[in-house]
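Structural overview for review
The primary structure of each chain is shown beneath.
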Amino acid sequence: MQHRRCITQLLLTTLAAVVLATGSSAAQDTAASAHAASLLPPYRYRVLGVFDAASGQPVADADVADILTGASATTSRTGTVALSFLPDGGGLVRIRKFGYAMQTLAVSVSPADTTPVTVVLTPAVRLPGVTTHGRSSYISPNLRGFEDRRLHGATGYFIPDSVLRKEEERPLANVLESHVPGIN
């Protein structure tokens with residue numbers, strides 16, 4: 001309970017910083033950007049804050065997307081993002097960040113729903129490492145069947161590929177004669 005209270009206090013502090021930064025930069029805005037900002041009602045700027053479950057710290061660069069429309073935004077270094085990209089009424093929001101478990105939630109955006117939304121991301125499950133074991137030497141696909149029969153004790157005489165490669169320039173009859181007893 002105290003951990004959640006700490007995250008809520010951090011969110012409120014972050015929101016206050018965002019409001020102050022927005023207020024101070026609003027005086028410096030041009031008339032064109034002020035006009036563009038006035039196109040959306042204030043409730044459309046509902047804020048979503050993303051925080052780490054273990055540390056309570058803001059999660060920057062998390063992808064926050066509306067699943068239905070595909071519109072998205074990323075969280076700032078304060079872990080916040082304005083949900084102005086959502087349509088009126090809200091939408092189904094997906095929050096993703098590498099190293100964390102993805103979360104999906106319904107968020108409404110209306111004059112009655114203006115309180116900030118807090119999302120706490122938990123670290124993703126780490127899978128154990130994978131160890132592979134294999135042959136270190138290369139055997140061409142044409143020789144695999146030959147080597148399998150030789151290794152499993154099939155009857156006959158087998159000349160290893162290393163010997164065949166050494167004697168590539170000689171005729172096959174001469175190679176067989178020198179390595180297989182009883183051939184003339």
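Given the structure is predicted, the values throughout are model-derived calculations rather than measurements. (Residues numbered from 1 in each chain as written. Predicted model: local features only at pLDDT ≥ 70, side-chain atom pairs only at ≥ 80, totals over all residues. Heavy atoms only, no water.)

1. What to know about the overall build of the chain
Across its full length, the chain holds five helices and seven strands. Its helices and strands taken in sequence order, the chain reads α-α-β-β-β-β-β-β-β-α-α-α from the N to the C terminus. If you take every contact in the chain between residues at least 6 apart in sequence, the share linking residues at least 24 apart comes to 50%. As displayed, the chain offers around 12600 Å² of accessible surface, 58% of which is attributable to carbon and sulfur atoms. (Helix = DSSP H or I, 4+ residues; strand = E, 2+ residues; numbered from the N terminus. Contact = heavy atoms within 4.5 Å. Areas by Shrake-Rupley, 256 points an atom, 1.4 Å probe, with all protein chains shown as cover.)

2. Some remarks on the sheet that holds strand E5 (residues 91-96)
Taken together, the four strands give an open sheet; going across it, the order is E3-E2-E5-E6, and neighbouring strands pair in antiparallel fashion. Whereas interior strands pair on both sides, the edge strands pair on one side only; in this sheet they are strand E3 (72-74) and strand E6 (103-107). Neighbour-to-neighbour, the strand axes of this sheet turn through a mean angle of 20°, independent of strand direction. As paired elements, strand E2 (residues 63-66) and E5 share four bridges and run antiparallel to each other. In the strand pairing of E5, Val64 is matched with Ile95. (Pairing = 2+ DSSP bridges. Axes fitted to C-alpha atoms, helices over the stretch in contact; angles between N-to-C directions.)

3. With respect to unusual backbone geometry
A positive phi angle is found at Asp61, which is not glycine, with a value near 60°. In this fold, Asp61 is placed in the loop between strand E1 (47-52) and E2. Among the residues examined, Asp61 registers a relative accessible area of 54% and is labelled exposed. (Buried < 20%, exposed > 50% of the residue type's maximum accessible area, 1.4 Å probe, protein only.)

4. Comments concerning the sheet that holds strand E7 (residues 117-121)
Backbone hydrogen bonds are what pair the strands of a sheet, in a parallel or an antiparallel way. Across the sheet, three strands lie side by side as E4-E1-E7; this open sheet has mixed pairing. The sheet is open, and its two edges are formed by strand E4 (80-82) and E7, each paired on a single side. Each strand of the sheet is rotated relative to its neighbour by a mean of 20°, with strand direction disregarded. Sheet topology places E1 next to E4; three bridges connect them, and they run antiparallel. Counted as the bridge partner of Val47 is Ala82 from E4.

5. Looking at the confidence of the model for the chain
Note: predicted coordinates in regions of low pLDDT should not be interpreted at a detailed level. Residues of the chain with pLDDT of at least 70 account for 77%, and the chain-wide mean is 79. Long-range and interchain partners of residues 15-35, a stretch whose pLDDT sits below 50, account for five contacts in this model, where long-range means more than four residues apart. (pLDDT = per-residue confidence, 0-100.)

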